Amino acid sequence: MITFFLIGLTVHVVFFLSIFDIYFTSPLVHGMTPQSTPLAPPASRLVLIVADGLRADSLFTLLPNSSSRTPFLRTVIEETGTWGVSHTRVPTESRPGHVALIAGFYEDVSAVAKGWKENPVEFDSVFNESRSTWCWGSPDILPMFAKGATGDHVYTHTYPAEEEDFASTDASRLDTWVFTQVKSFFQAAKTNSTLKATLLEDKNIFFLHLLGIDTNGHAHRPMSQEYLDNIALVDTGVAEVVSLMEDFFGHDGRTAYVFTSDHGMTNWGSHGAGHPSETLTPLVVWGAGVNRAQRVIEAQPYEDGYLKDWNLEHIRRADVNQADIAPLMASLLGLPIPVNSVGVMPLLYLNNSDQFKAESMYTNAIQVLEQFKMKMIQKKETTLPFLFTPFQSGALSDLIRSAPSLPLWKCLGYFVLVAFGIELLVVSFFHRSVLTVGLAFLSLWPLLSGLFGKAKLRSLSWLLGCLCLAVFPLMPVVGREPNLRLVACAGLLTLFTSMIHVAVCLYVPSLTHSSLQQKQGLPLLNQIISWSTLASSIFVPLLSSTRLFHRLLSIFLSLTSTYLLLSTGYEALFPPVLSWLMFVWINIEQEALLAQGDSRRQELSTIDFSANIDITKIRQLKLDDIRRSYFFVFFIITAFFGTGNIASINSFDPASIYCFLTVFNPFIMGGLMMWKVIIPFIIVMCTFETIQVHFFFLVQDYGSWLDIGTSISHYVIVMSMTIFLMLLSVVTHVLTSKRLILWNRSKMHFP
């Protein structure tokens, strides 16, 4: 048994490490020669303004009275600059968005290993290639570009991280802080001759990172008045900064301006996935070296309908990929294009000679070619030829020859069934509703296998459990429309087994959200209760009895308490329904075994999984084991996609963690999100393990069992603790969620 365990552990460790070796190794290469256009650039300095979380439609759409909430930028679009839509890539998050804008490449997954504020690998950027760069904004974005720069020419000015609070009264103050700091900076430069001389040099960049729109979008949703007012504030601030800089540099016509966003935001206040509201961001460029607005009469080559919606059919639109902005900025300033950039020069934005455009295109092409050459050299140096061997088709032939001699119709039937089952799992990754079809088919299993006539009650319970679980993949993705009534229903659903805990879990979130509604912040007591519930839910099940039923029930109740605290709507019902179906699965597997003629049946409450198992007496694999394995994989996928595309950050609504914290912290928030994702997995895995342990015991010859009575007191104590935690969680969540949502709704203004 120890040898078997060590071999299995080794295999899983190798598989786990291979994931990091393959996917968490950065594809970036180094050692390329920087490429720059030899001709004189049109601009001496560039101002990059990134309005974090700003949707394209929020900027371009006119008000009902045909006026614009951003009059300055609208004037630039219609008269002095070039505009378009910048298309981002998944994940639509702040760090990868800024890396694409400033470094010109789409950050790989290896970045998550080092977090948001530190570079996992060194990469080049337009900031690094500049003479000097001054940055103002968020402490989560600016440091990563300063650290990666060679030399000491990237200067960052950030506000405290505690200011990024989703429960703050007005997040637009973050943007006001940036504009105020910029004004103070240039005011000080007038009396500082050294600083003024540095500012008057060429190849300088000024970066303004505006986080208020994103924070207000998370807290109040993009259709709220707070979000829309913040956009108007940014427009006013941009106009003031442009006027300030033009005055400072004597209106020399050598300043280029780029206004854009790192990502958009869904209507329910999240981002991370590939919805158009997240991937379509505004791009407005004007100033030195940039084409002025060009009026068009003919139809433009865009079929998305946005031109009409934004009343911009008459102004030429020039869309780009987000990474294309980096070579554009490099060309305007005469900087070498970042060596890792994959962007393509957007010629429609350049107002220069044909020779300059041709040189820019050539430089761009050579820069991309240099990456390919260096990658090819590294591949040759690190690849061992003997590791690449042709695929042997000895394996498929042996599998066919070893197949049992079954009738042709059975072979075809099994083939169709297996193909359908596998395809259903694959399609479910793209269309959640397919899981409903799968659950509907699984609900018929007792009827098709003949178990219904022998165990009607359990078969009906299985049927109802599958059909109830099948409802969840048909519902909207979690986080879009919070509904605390459903969270309360989830608490009531488990009320039969955990009354006190459910009551507390219903009370504390309501109290929390009442405090947030009154803008008094997150109550410390509620925060302590939430974190205590989370921590205790991990170790409380370990104190329960080693009887299968007792341990399984303790795990389910403890995990559900935490899940309730992290829920905002119907997903709170998912763990109770899933747990119900898992218990039915265990029992109906017992009935299936009885139907096959095995009369040895033991209740879960009598099986002690800590007892020794003789591995030599384990039965041989049967066809039912394949079915059980498929059920396990299917339920795992259902747990993953049942309440939305949880694989995407897009499903993470910040409101779901308000019981724990409101100040932005990507590591803690990410950890809570991952724990919420893992909880349904644990429920399914514990169920499958219970089924396996149960069958292990059936092949053993146990003449007597330990006395159950000795564990009753132990069981009562642990279950009392679990019940208390459950009620505590529900009350905490409802008090936190209900009143914050009421607060948000009271401030929303829908069109």
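The protein chain has the name GPI ethanolamine phosphate transferase 1 in an unreviewed UniProt entry, where Poecilia mexicana is given as its organism. According to the UniProt record, the Subcellular location (unreviewed entry) comment for the protein chain reads "Endoplasmic reticulum membrane". Of the protein chain, the UniProt comment under Function (unreviewed entry) reads exactly: "Ethanolamine phosphate transferase involved in glycosylphosphatidylinositol-anchor biosynthesis. Transfers ethanolamine phosphate to the first alpha-1,4-linked mannose of the glycosylphosphatidylinositol precursor of GPI-anchor."

Chemist: Hey, could you run me through the overall build of the protein chain in this one?
Modeler: Helices and strands together make up the secondary structure of the protein chain, namely 27 helices and eight strands. Out of the 751 residues belonging to the protein chain, those deemed buried represent 53%. Intrachain contacts of the protein chain at a sequence separation of at least 6 include 80% that bridge at least 24 residues. Summed over all atoms, the accessible surface of the protein chain reaches about 33600 Å², with 65% contributed by carbon and sulfur.

Chemist: Just to check I follow, could you spell out the packing of aromatic side chains for this structure?
Modeler: For the coordinates displayed, the defined rule picks out 40 aromatic pairs. Considering the side-chain rings of Phe 60 and Trp 310, the 4.9 Å spacing of their centres and the 50° angle between planes classify their relative orientation as tilted. In this pair, Phe 60 sits in helix H2 (residues 56-60) while Trp 310 sits in the loop between helix H12 (306-309) and strand S8 (320-321), placing the two residues 250 residues apart along the sequence. Like Phe 60, the residue Trp 310 is buried in the burial classification. When the ring of Phe 123 is compared with that of Phe 145, the centres are 6.2 Å apart and the planes differ by 85°; the resulting orientation is edge-to-face.

Chemist: Sorry, what's going on with the packing of helix H4 (residues 94-103) against helix H13 (residues 325-333) here?
Modeler: Contact pair H4 / H13: the axes reach a minimum separation of 5 Å and the direction vectors enclose 35°. The residues of H13 that touch H4, namely those facing Ala 100, Leu 101, Ile 102 and Ala 103, are Ile 325, Ala 326 and Met 329. Across the contact of H4 with H13, the residue classes break down as seven nonpolar, no polar and no charged.

Chemist: Can you help me understand the side chain of Thr 82 in this one?
Modeler: Mapped onto the elements of the fold, Thr 82 is located in strand S2 (residues 81-87). Judged by relative accessible area, Thr 82 falls into the buried class, the value being 3%. Thr 82 has contacts with Leu 283, Val 284, Val 285, Val 290, Asn 291, Arg 292, Ala 318, Leu 348 and Tyr 349, leaving out every residue within four places of it along the chain.

Chemist: How do you make sense of the sheet that holds strand S3 (residues 132-137) when you look at a structure like this?
Modeler: Sheets are built from strands paired through backbone hydrogen bonds, the pairs being either parallel or antiparallel. As summarised here, the arrangement of the eight strands in space is S4-S3-S5-S1-S6-S7-S2-S8, forming an open sheet in which the pairing is mixed. This sheet does not close on itself; its edge strands, each paired only once, are strand S4 (154-158) and S8. Sheet topology note: the strand S6 (residues 255-260)/strand S7 (residues 280-287) ladder contains five bridges and is antiparallel. Of the residues in S7, the one forming a bridge with Thr 260 is Leu 283.

Chemist: Help me out: how do you make sense of the pattern of salt bridges in this one?
Modeler: Proximity of charged atoms lets side chains of opposite charge pair with each other. The tally for this structure, following the rule as stated, stands at 13 salt bridges. A salt bridge links Arg 55 to Asp 57, with the nearest nitrogen and oxygen atoms 2.8 Å apart. On the accessibility criterion, Arg 55 (4% relative accessible area) is buried. Judged by relative accessible area, Asp 57 falls into the partly exposed class, the value being 27%. Across the pair Asp 304 and Arg 317 runs a salt bridge, and its minimum N-O distance is 2.8 Å. Of the two residues, Asp 304 is situated in the loop between S7 and H12 and Arg 317 in the loop between H12 and S8; the sequence distance between them amounts to 13 residues. It is possible to trace a salt-bridge network through shared partners that takes in Arg 131, Asp 202 and Lys 203.

Cut-offs used in this document
- Residues numbered from 1 in each chain as written.
- Predicted model: local features only at pLDDT ≥ 70, side-chain atom pairs only at ≥ 80, totals over all residues.
- Heavy atoms only, no water.
- UniProt positions renumbered as here; feature names shortened; annotations may be inferred.
- Helix = DSSP H or I, 4+ residues; strand = E, 2+ residues; numbered from the N terminus.
- Buried < 20%, exposed > 50% of the residue type's maximum accessible area, 1.4 Å probe, protein only.
- Contact = heavy atoms within 4.5 Å.
- Areas by Shrake-Rupley, 256 points an atom, 1.4 Å probe, with all protein chains shown as cover.
- Phe/Tyr/Trp six-rings, centres within 6.5 Å; stacked < 30°, edge-to-face > 60°.
- Axes fitted to C-alpha atoms, helices over the stretch in contact; angles between N-to-C directions.
- Nonpolar A, V, L, I, M, F, W, Y, C, P; charged D, E, K, R; others polar.
- Pairing = 2+ DSSP bridges.
- Salt bridge = Lys/Arg side-chain N within 4 Å of Asp/Glu carboxyl O.

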